[in-house]
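Summary of the model geometry
Take a look at the letters that make up each chain.
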Amino acid sequence: MNDELDALLQDDLLQAPADFTQRVMQRIEALPRPAIQVATPTRSAPQRWQRLRWLATATGLVGSGLLGLSQLASFVFGLWLATAAV
Amino acid sequence: MKVQAILRRIAAGEQRAFAELVDLYQRPLFGFLGRLGLGQAQAEDIAQETFLRAWSHLSRFESEHAQFVTWLFTIARNLAYNALQSAHQKQETHEADLPEPTCEQPGPAQTLERTQQRTRLQSALRQLPMADRSALALVYVHELGLADVARIEGDSLAAIKTRLHRAKLKLRELLQADTELETRHE
């Protein structure tokens, strides 16, 4: 019964008349033309998010690298100061 | 993608490209209106009005946020809802206005049986509550997914599933009762 009902519901109970498109277009020609805005293919939101994450990671890496280098430089400078004092 | 290309052509000034959208969606639209229990004449009016409104409001359609098919069926559903709720509904949707047999060419007995099945189905559909009927009519549109149906109906996915289950159950009951009544008469 369920399959039978599904088949019945899938059936087109009504059909468009053969000249339906023509009739619609005839009426549309009398109407003003709408100003439509179609989205041009741009970068999608997930892509944008991924790019932002990449940028944050890169900034973090560069920042922590610079911090490490400055720590190393101050250590070397301290060593030099200590040995120079002797 | 095909719809996007057509919309881009319309935006470029090619008005005739809209005919391709009408060709593309008229069949599922009439199928939907038929499942809502509308008669042929009323369905033609609503389908035509749907496309005219879609054309007039194309500037409001945001292709980035919505699918054209979802938007179109939302318009159709709202128009059909209003038509069905109007006081003249009972007079306008007359049994005589039921669909004619479609293009397949079975024998006369098969055609008659099929027509009777459709008539029974349409009269059973009309007895369903409007909200359940609308969800049921939309779910058989191949171009729409269940999430699209939920969006059009403005309801959650779970609620739509419940409505569908309820509608099918009721429809089966109504059809069974109708068949039993017919056999008793014979």
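Only a predicted model underlies this, so the values are computations on that prediction, with no experimental measurement involved. (Residues numbered from 1 in each chain as written. Chains lettered and ligands numbered in written order. Predicted model: local features only at pLDDT ≥ 70, side-chain atom pairs only at ≥ 80, totals over all residues.)

This paragraph deals with the overall build of chain A. Of the regular secondary structure elements, chain A holds three helices and zero strands. Listed by position from the N terminus, the elements making up chain A come as α-α-α. (Helix = DSSP H or I, 4+ residues; strand = E, 2+ residues; numbered from the N terminus.)

The next subject is the overall build of chain B. Per the secondary structure count, chain B includes nine helices and zero strands. Counted from the first residue to the last, chain B has its helices and strands arranged as α-α-α-α-α-α-α-α-α. The 186 residues of chain B split such that 34% are buried. Expressed as a percentage of contacts within chain B between residues at least 6 apart in sequence, the contacts between residues at least 24 apart total 68%. (Buried ≥ 20, exposed ≤ 12 C-beta atoms within 10 Å, placed from the backbone. Contact = placed C-beta atoms within 7 Å.)

Residue and element names in this part refer to chain B. Among the secondary structure elements, Q117 is positioned in helix α6 (residues 108-126). What makes Q117 partly exposed here is the crowd of 15 C-beta atoms within 10 Å. In the structure, Q117 is positioned 99 residues away from F18 in sequence and 35 Å away in space, judged by C-alpha atoms.

All right, on to the interface of chain B and chain A then. Interface size is often expressed as the accessible area that is lost when the parts come together. The interface of chain B with chain A comprises 41 residues on the first partner and 25 residues on the second. Those elements giving two or more residues to the side of chain B that touches chain A turn out to be α1 (2-11), α2 (18-35), α3 (40-56), α6 and α9 (157-185) of chain B. In terms of residues, the side of chain B that touches chain A owes the most to one element, α2 of chain B, which gives 11 residues. Here the side of chain B that touches chain A is built from residues that sort into 19 nonpolar, 13 polar and nine charged. (Nonpolar A, V, L, I, M, F, W, Y, C, P; charged D, E, K, R; others polar.)

All names here are of chain B. For the pair helix α4 (residues 68-85) and helix α8 (residues 146-153), the least separation of the axes is 9 Å and the interaxial angle reads 45°. On the basis of the axis angle, α4 is oblique to α8. For the crossing formed where α4 meets α8, the hand is right-handed. Taking contact as the criterion, the partners of T70, F73, T74 and R77 in α4 are, on α8, D148, R151 and I152. Here the contact of α4 with α8 is composed, by residue class, of two nonpolar, two polar and three charged. (Axes fitted to C-alpha atoms, helices over the stretch in contact; angles between N-to-C directions. Parallel < 35°, antiparallel > 145°, perpendicular 65-115°, else oblique. Left-handed = near helix turned anticlockwise from the far one by under 90°.)

Another point: the environment of F75 of chain A. Within the secondary structure, F75 of chain A is located in helix α3 (residues 45-85). Under the C-beta neighbour-count criterion, F75 of chain A is labelled exposed, with 10 such atoms within 10 Å.

A few words on the nonpolar core. Ranked by internal contacts, the top residues of the largest apolar core, which has 50 residues, are F32, L33, F73 and L138 of chain B. Those residues within four positions of F73 of chain B in sequence are excluded, and the remaining contacts are F32, L138, V141, L144 and I152 of chain B. (Core = buried A, V, L, I, M, F, W, Y, C linked by C-beta atoms within 7 Å.)

So, on to the confidence of the model for chain A. Atomic detail in the predicted coordinates should be set aside for any region of low pLDDT. Of all residues in chain A, 86% attain a pLDDT of 70 or more, and the chain-wide mean is 85. Of all the helices and strands in chain A, helix α1 (residues 2-10) of chain A carries the lowest mean pLDDT, 81, while helix α2 (residues 20-29) of chain A carries the highest, 94. (pLDDT = per-residue confidence, 0-100.)

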